[in-house]
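Given next are the chains, with one letter for each unit.
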Amino acid sequence: MCQKIGHTLSVQSTTLAQLQEKAATGQEVNRVSDDPSSANRILSLLKNKQILTQYTKNISGLTSVLELSSSVLQSMTSQVSDARADIESLINGTVSDSTRTSLADGLDDVIETLVSLANTQQSGQSLFGGSNSSTAPYRIEYNSDGDISRVVYQGGTQENMVDVADGVSISALLSGPSLFTDDDPQTPVFYGSTGAAVGAGSSTVRGNVSLQVQGSVGNWQLSIDGGANWVSSNGTEANLAVVNSETGETLYVDTANIIQAGTEPVSVPGTYDIFNALINAKDLLKNAQNIPDTQLNNILNDTVRGLEGADEVLTRSFSIVGGKLQILSSLGESIEQIQTCTEDNIGQLQDADVSQLAIDLSQYEVLYQMSLAVAQKMFSMSFLDFMS
Amino acid sequence: MGSYDIGISGLQMAQTALDIIGNNIANSSTEGYHRQDINLSAAADSYSNGFLIGQGVDFTGITRQINELLEDNILRQNTTMSSLSKQAESLQTIESAMGELLSDGISTALQSFYNAFEELSARPDDVTLRAAVVSSAQTLCSQLRNVASVVTNLEESTYSEARSTVDTINTLAEQVASLNSTINLQAVRGYDCANLKDQRDQLVTKLNELVEVNTARDSSGQINISVVGIPLVVGSNAFSIEAKLLYDEGDYTIAICSTGAENYCTDVEGGTLGGLMTLRNDILDEISDKLDLLAKTIISQTNDLHVQGVGTDGSFSTLTSNAVSSGSVSEYDMPVGEGEFYIRVTAPDGTIIRYQIVVNADSTMQSICDSIAQIPGLGDTAINAGRLQITTDTDYRFDFLPGALLTPSPYVSLDDSSLAGGGTEVTAPPTIQVSGAYTGAVSQDFTCTITTEGDVQELGTGVMTLTVTDGGGSVIDTVNIGAGYESGDSIMLSNGLMISLNGDDVCPGYFDDGDVFTLSASVLAGGGTVATAPPAIAVAGLYTGDVNQTYTCTVSAASDPQAIGTGEMTLTIQDSSGLTIASVNIGEGFTASTVNVTGTTITLDNGLAITLGGNGTSPGYFNDGDAFTIEALADPDTSGFLSAVGLNCFFSGIDASSIAMSDAIVESGGCIATSLSVEGTDNTNAVKIANMGEAASSMLGGLSTTDYYLSLATDVGSQVSSVQLRYNNAESVYNSLAEQRDKISGVDINDEAVRMMAYQQLFQAMSQYLSTVSESIQNLMTIIS
C-alpha cells in the first residue's frame, strides 16, 4: 500500500512539475525528448527562420546600397544633362573664345564632380567598383599642364553576387563601366583633310582621338598618342595598325589616299563614356590643336551625340538599379510572408495552450491534494485503535 | 493424562503462533520480508475408554508466504528499471548539453556560422563581418567540443561506475554464498531458516538490480547464480568477475569476465551494469561517432574550399602546417588520396607560374617538402618540428587559387610514345607529368634521355639518370632518378618546367637504357619585332568545370604574321581530351582589349573569358599554328593533402573533441579565404562556404551538415523519450506486481492483530481448559482421599 501511494504521489508530482515548466516557459515542447517528432519539425523550422532572417538582412543591405546608387545616378544624370545643354547652346550660337574657355573650365568641375559621385562609398564600399569595392574605382589623370587628360577605371570588372533567396542572387555593388560606358562601337569617322581613311581592321580606339600624320608622300609616319609611338607607312597600306603606346588602343588606317601631313580628328561613335566624352568636349572647347571652327563644330556635334549616348547609358543604368530594387522589394515581401508563416508554424507546434495548461494544473493540484488526504486517512486507520 | 497433553499442546501452539505473529509485525517494514504463517495439524488420536480421542494439536512448521513466479517477474522488472534508469540519466545529460529548444544549441550555432559567411559574402572586405565569422566559428567549435566533452566524460564515468558496480556485485555474491552455506547447514539440522532465506533473497534482489542474473536452486535449497553464463555463486562458493575495456576497430567497449580469465562478454543486459554497458558500448559510442562525423564533415567541407582561396591579406609569403606524422600520408588522421595539388607562385615581376606536386600513397611530408623546395621562389621551404613550413624568397608570394592563370602558359607538348618499359602492363614506363612554365625565349624541343644499368629497370632503383638536352644539343640538366628517387618526386628543370615520374600500385614504372621522351616548348613570337609582337592574352572569370583541364588554344591565320582583328583568323580551343569546345573568329570584327576597355571577349561555357589585346606598340600579331595553353582547375588539391595537414585551413582538428579555429584565422580575419580570384576581392569562396550548410554530403549519407545534426539531436531526444517511456512501463508493471506480492507476502498489521487476538483467546481458552482439567482432577482426588 505504501509503495502504491508513494508511486501515485511521485507520478502526480512529476506531472505537476512538467505543467509548471510549461506554464513558466509558455512552451509545450521544452526539450526534444518532450515530443521528438514535433521537436524535429520545430528545429527544422527554426533553421529555416534563421536562413530567412539572413536573407532579409542581405536584402536590407543590398537595398540600402542600391537606393544610394540610384540617388547618385540621378545626380550624375542631372550633371551630364546640364553639361550637354551648355555645350549645345554654345554650338548653336556664336561665342567668344573666353566663353568657350570658361565653359571648358566649368566642364573640369563637372568631370571632377562626376568622378567624385562615381566614387561614392557606403560603409567603406564603393558603389560602382564591382568586386573591387575597397578602393576608389575611378581615378583622374592630369597632363603636365594640370588639365584632366583622362579618367581611368580601376575597380573590378566582376560583380559580387549575394544570395537573397534560395537560388536567387543579386549584385548591388555594380561595375562602373557597365553603367557609364556606351559599348556599341561603330566605324571611326575621319574629319581632317590629310586623306587618311578608316581601315578594314577592328579599331579599338574609343571616343575622340587625333591622328597625326607627318612626312611626305611614300614615307608617312602616323601616331595617335601625340607622337610617342610613330608607325611608318609607304602610303599603300589599306589596313595599317596605329597603336597608342599608353593605352594599347589601335586605329586601323587606310593610308592609300594620304595626300598631306597634318592632324586628323577621328571620333568613334558608340564608344563614349560619360567622363571621357566630357573630357573630349572640354579639349575641343579649349581647341589647343587649333581646329578650324567648321570642323570643330562638326566634332562637337558628334561629341554631343556621344554625350547623348552616355546619357542614355546612364538612364539605362538608372532603370537597371530600379529594376533590382523592385526585385528586392518584391522578394523582401515574399520572404517576410514566409517568415511570418514559419513563425506561426513554430508557434503552433511549440507554444503551450495556456487555458488548457491552467485547467490541467488545477486538475492535478486537486488530485495531488486528494491523494495526500487519502494517504493520511489510510495511514491513520488501524485495527489497533479498536484493541484495548 | 491425555487432557494435560492436549492442553499443553494447545498452549505451546498458541505461544508459537503469537511468536510468529510478533515476528511478522516486527518485520512489517523490513524490505524483502515475507509474511510467515504457522502450520498446524491435529495430533494423532489415542485409544481411551474404548474410543479414539484426539490428542491436541501438533506444530508442523512455518510457511513463508511467497510466490516464486511472481518474485521472478518482479526481479526482471527491477533489473530492467535499473538498466533504463542509468541510460535515462546519461541521455538526459547529453540532451541538456546539446541544448536544443532549451537554449541556443548546436543547430543555432551551426546555422549562424553559415549565415556569418553569407553576410560576409555581401561585404568581403568588412573587418567587422570577418570578426563575426571568427566569433560564430568559435562558438560552433566550443559547442561541439562541449558536447563531445560531455559524451567523453560520460564514457569515462560509465566505465568507472561499471567497475565499482562489479565490485559491489562481487561483495553481494560473497554474502549470498555465505548465506547459502548457513541455510544449508541449518537445513541439515532440520531447520527451515525463513528469515535467512529472506535475507538471501533480498541480496539476490540487490544483485539483480545491479545486473540481470540467472538463479537456480539446487536440491539442498542453495541458490546458484550466474551472469550471462559466467558463474557468480555456486553453492557456498563465490566467483568474482571484473570489468575491462576492450579495444576493437577504433572503439573501446566495456566487457566483463571471470577474474583472471578471458571469457569476455559485452552483451550484458539488465541491471545497473547492463545499463552502463549498453550506454557505453552502444548508445554513447553511436552518439560520439555521429558527432565526430559531423565535426569531421564540417572541418573537411570548409577546409577543402578554404585552402583554395585567399582573403583580403592576399597570397602568402609563409604558411605553416599542423604537426603530422613523419610517415607516409596514408597514416594521417584526415584522409589523403593519390592525386596532386597545385601551387601558384607569383614572382616579384608579377609573373605567375603554377606548379604541380604529385601525392601518392608513399609520399611523406619530407618528400613533398623536397618537391616544393625545388620550385623557384619557394627554396626556403622546410620542415620544422614536424610542421611543413612553406616560405618564399623575398617578394615572392604563393597561393593555391584554382581557376585559370591570368596569363596563359606557353604551349608545351610531351611525346613519350617511344617509351616501352618492359612491354607489359606490370613493366610499363612511368606516367610523366609536366607543370611549370617554359621560360625560354625561343621554341625548341627538349630531349630527355634515360640512362640505366640495364633494360627494364625499375624507377627509383640502382643507377638511373635523366639527361635533358635542349634544341641545340646542349645538356641543361642531369638528374638522378635511380636509388633515392621516389615515384612522384618533382624534378625542376632549368627551362622552367617541372616534371614528375609516377608509378602506381600495379607498376612502379620501368625504363630501358636509352629511353627517350621529348618536351616540345613553343613560344608566341608574332612577327618577331616590337611592332609585330604577339598580343597580350588575358584570361578572366571563374572556372566552373567539374574536372581539372588544360585547354590548348591554337591559331589559324591566313598569313604570317597577322594582326588580330584583321583578315581571317580563328582561335580553336580544345580540352585535355582533344575535344574542340570552341572555334572563334579573332580576325576582322574581333575587337582587341585596351588598357581601359575590354574588347571582344571569348566567353566559354566553363566560365572562362579570354581577351586578346594590343601591348602598347603592337596591335597583337599571331602566326598560323601559334598555340598557348590555359590550365583551369576545378580542384587545386585532388589529393586532400593541404586540408589534411592544415595549410591555409579554416578549422583545425579531426573530430568533435578537437575542432578549433586555425591560429592564422584567429590572428587575422584577413586570412579568411573569401575569394577565389587573383585580386582577392570577389566573394565566390564565401558564398560557396555559406552554401555548404544546405549542401548534401556523401560523408553524411546524402544529408547536409545542418540536417544531419537535426537528425542526431532528434535521435538523442527520441532515445531519451523512449527510455523514459520504457522505464515508466517497467515501473507500472513493477508496482502492479509489487502490489500482488504485498497481498501474498506482505504483513498487514490489522490482519496480524486479528490473528493475535484469536491466538490470545486460544491461549486463554487452553489455560482455562487446563485449569478445568486440573480442578476435575482435584475434585477426584478429594473424593479418593
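Since the structure is predicted, the reported quantities are computational estimates derived from the model, not experimental observations.

Draft legend 1. Focus on the packing of helix α2 (residues 36–92) of chain A against helix α11 (residues 705–745) of chain B. Their axes nearest at 9 Å, the elements α2 of chain A and α11 of chain B cross at an angle of 155°. Taken together, the axes of α2 of chain A and α11 of chain B lie roughly antiparallel to each other. The hand of the α2 of chain A/α11 of chain B crossing is right-handed. Mapping the contact onto sequence places P36, N40, L43, S44 and K47 of chain A in α2 of chain A and T706, D707, L710, A713, T714, G717, S718 and S721 of chain B in α11 of chain B. Class assignment for the residues of the contact of α2 of chain A with α11 of chain B results in four nonpolar, seven polar and two charged.

Draft legend 2. Geometry of the interface of chain A and chain B. Contact with chain A, which involves 60 residues of that partner, is made by 65 residues of chain B. Each partner contributes to the roughly 4,900 Å² buried at the junction of chain A and chain B, and carbon and sulfur atoms together form 53% of this total. The interface formed by chain A and chain B holds three salt bridges in total. The residue D707 of chain B makes a salt bridge to K47 of chain A at a minimum N-O spacing of 2.7 Å. At the surface where chain A touches chain B, the tally comes to 18 residue pairs in polar contact (both at pLDDT 80 or more). Looking at the side of chain A that touches chain B, the elements that each hand over two or more residues are α1 (2–25), α2, β4 (148–153), β5 (162–165), β12 (240–243) and β13 (250–254) of chain A. Of all the elements, α2 of chain A adds the most residues to the side of chain A that touches chain B, at 13 residues.

Draft legend 3. Layout of the pairing of strand β5 (residues 214–217) of chain B. All names here are of chain B. Bridging between β5 and strand β6 (residues 223–227) involves four bridges; their strand directions are antiparallel. Within the sheet, the bridge partner assigned to N214 lies in β6 and is S226. Connecting β5 to the antiparallel partner β6 that follows it, the hairpin turn spans five residues, and G221 within it adopts a positive phi of roughly 85°.

Draft legend 4. Molecular detail of the environment of G670 of chain B. Residue and element names in this part refer to chain B. Counting through the fold element by element, G670 comes out in the loop between α9 (663–667) and α10 (684–691). Taking the relative accessible area as the measure of exposure, G670 reaches 10% and is therefore buried. When the C-alpha positions of G670 and I283 are compared, they lie 42 Å apart, and in sequence the two are 387 residues distant.

Draft legend 5. Inspection of a negative patch on the surface at higher detail. A cluster of acidic residues, E338, D362, E425, E486, D504 and D505 of chain B, forms a negative patch at the surface. With respect to the helices, strands and loops of the structure, D505 of chain B is situated in the loop between β25 (497–502) and β26 (510–511).

Draft legend 6. Focus on helix α4 (residues 127–188) of chain B. Residues and elements named next belong to chain B. The terminal C-alpha atoms of α4, which comprises 62 residues, lie 90 Å apart, in line with the 92 Å expected from a rise of 1.5 Å per residue. The N-terminus of α4 is capped by D126, whose side-chain oxygen sits 2.8 Å from the backbone nitrogen of T128. Just beyond α4, the residue with positive phi is G190, at close to 95°.

Draft legend 7. Summary view of the side chain of K324 of chain A. Residues and elements named next belong to chain A. Position of K324 among the secondary structure elements: in helix α6 (residues 293–350). Among buried charged residues, K324 stands out as having no salt bridge; its nearest opposite-charge side chain is E159, 4.2 Å away. Leaving out residues up to four positions away in the same chain, K324 has contacts with L66, E159, I170, S171 and L174.

Draft legend 8. Structural context of the packing of α2 of chain A against α6 of chain A. Residues and elements named next belong to chain A. The N-to-C vectors of α2 and α6 enclose an angle of 160°; their axes lie 7 Å apart at closest approach. When the interaxial angle is binned, α2 and α6 end up roughly antiparallel. Crossing angle aside, the handedness with which α2 passes α6 is left-handed. The class makeup of the residues in the contact of α2 with α6 is 27 nonpolar, 17 polar and nine charged.

Draft legend 9. Geometry of the nonpolar core. Membership of the largest hydrophobic core comes to 100 residues, with the highest contact counts inside it found for I343, F641, F650 and F651 of chain B. With twelve residues, the top contributor of residues to this core is α4 of chain B. Apart from the residues lying within four places of it in its own chain, the contact partners of F651 of chain B are F113, A137, C141, I298, I299, T302, N303, I659, A660, M661 and S662 of chain B. Within the second largest apolar cluster, 64 residues are counted, among which are V65, A118, I279 and I335 of chain A.

Draft legend 10. Quick look at a nonpolar patch on the surface. Residues V366, M370, V374 and M378 of chain A make up a contiguous nonpolar surface patch of roughly 340 Å² in combined accessible area. Structurally, M370 of chain A can be placed in helix α7 (residues 354–380).

Draft legend 11. View of empty space enclosed by the protein. According to the stated counting rule, one finds two cavities of 30 Å³ or more in the structure shown. Put simply, the second largest cavity is a space of about 30 Å³. Contributing to the lining of the second largest cavity are L43, L46, K47 and Q50 of chain A together with S107, T108 and Q111 of chain B. Elements that contribute at least two residues to the lining of the second largest cavity include exactly α2 of chain A together with α3 (106–122) of chain B. Among the elements that line the lining of the second largest cavity, the one with the most residues is α2 of chain A, at four residues. Of the residues belonging to the lining of the second largest cavity, the class tally is two nonpolar, four polar and one charged.

Draft legend 12. Molecular detail of the packing of aromatic side chains. Scanning the entire structure with this criterion turns up 18 aromatic pairs over all chains. Consider the rings of Y247 of chain B and Y252 of chain B, whose centres lie 4.8 Å apart with planes at 55°: the pair is tilted. The exposure class assigned to Y247 of chain B is exposed, which follows from its relative accessible area of 54%. Using a relative accessible area of 40% as the deciding quantity, one classes Y252 of chain B as partly exposed. Grouped by ring-pair contacts, the aromatic residues F128, Y138, Y153, F180 and F275 of chain A constitute a single cluster.

Draft legend 13. Seen up close, the pattern of salt bridges. Applying the stated criterion across every chain, the model contains 29 salt bridges over all chains. Across the salt bridge formed by D311 of chain A and R84 of chain A, the nearest N and O atoms sit 2.8 Å from each other. Note that D311 of chain A is positioned in helix α6 and R84 of chain A in helix α2, a separation of 227 residues in sequence. A salt bridge links E242 of chain B to K244 of chain B, with the nearest nitrogen and oxygen atoms 3.7 Å apart. Three or more residues are tied together by salt bridges with common partners; here these are D108, D147, K282, D283 and K286 of chain A.

Draft legend 14. The arrangement of the sheet that holds strand β24 (residues 490–492) of chain B in detail. Residues and elements named next belong to chain B. One open sheet accounts for three strands, arranged β19-β25-β24; its pairing is antiparallel. Looking at which strands have only one partner, the edges of the open sheet turn out to be β19 (431–436) and β24. Each strand of the sheet is rotated relative to its neighbour by a mean of 25°, with strand direction disregarded. In this sheet, β25 lies alongside β19 in antiparallel orientation, the contact comprising six bridges. Counterpart to T431 in the pairing with β25 is N502.

Draft legend 15. Representation of the sheet that holds β5 of chain B. All names here are of chain B. Strand order in this open sheet of four strands is β5-β6-β7-β8, and the pairing throughout is antiparallel. In the strand order of this sheet, the two ends are held by β5 and β8 (237–238), each with one partner. Relative to β6, helix α5 (residues 194–210) is tilted by about 5°, and along the sheet it contacts β5, β6 and β7 (230–234).

What counts, and where the lines are drawn
Residues numbered from 1 in each chain as written. Chains lettered and ligands numbered in written order. Predicted model: local features only at pLDDT ≥ 70, side-chain atom pairs only at ≥ 80, totals over all residues. Heavy atoms only, no water. Axes fitted to C-alpha atoms, helices over the stretch in contact; angles between N-to-C directions. Helix = DSSP H or I, 4+ residues; strand = E, 2+ residues; numbered from the N terminus. Parallel < 35°, antiparallel > 145°, perpendicular 65-115°, else oblique. Left-handed = near helix turned anticlockwise from the far one by under 90°. Contact = heavy atoms within 4.5 Å. Nonpolar A, V, L, I, M, F, W, Y, C, P; charged D, E, K, R; others polar. Buried area = accessible area lost by both parts, 1.4 Å probe. Salt bridge = Lys/Arg side-chain N within 4 Å of Asp/Glu carboxyl O. Polar contact = N/O pair within 3.5 Å; in protein donor to acceptor, adjacent residues only side chain to side chain. Pairing = 2+ DSSP bridges. Buried < 20%, exposed > 50% of the residue type's maximum accessible area, 1.4 Å probe, protein only. Patch = residues over 30% accessible without salt bridge, like charges linked within 9 Å, V, L, I, M, F, W, Y side chains within 5 Å. Areas by Shrake-Rupley, 256 points an atom, 1.4 Å probe, with all protein chains shown as cover. Lys, Arg positive; Asp, Glu negative; His and termini not counted. Charge placed at Lys NZ, Arg CZ, Asp CG, Glu CD. Expected span 1.5 Å × (residues − 1). Core = buried A, V, L, I, M, F, W, Y, C linked by side-chain atoms within 4.5 Å. 1 Å grid on protein atoms, 1.4 Å probe; cavity = no way out; pocket = protein on both sides within 12 Å on 5 of 7 lines; lining within 4 Å. Points joined across faces, edges and corners; volume = space filled by probe spheres on them. Phe/Tyr/Trp six-rings, centres within 6.5 Å; stacked < 30°, edge-to-face > 60°.

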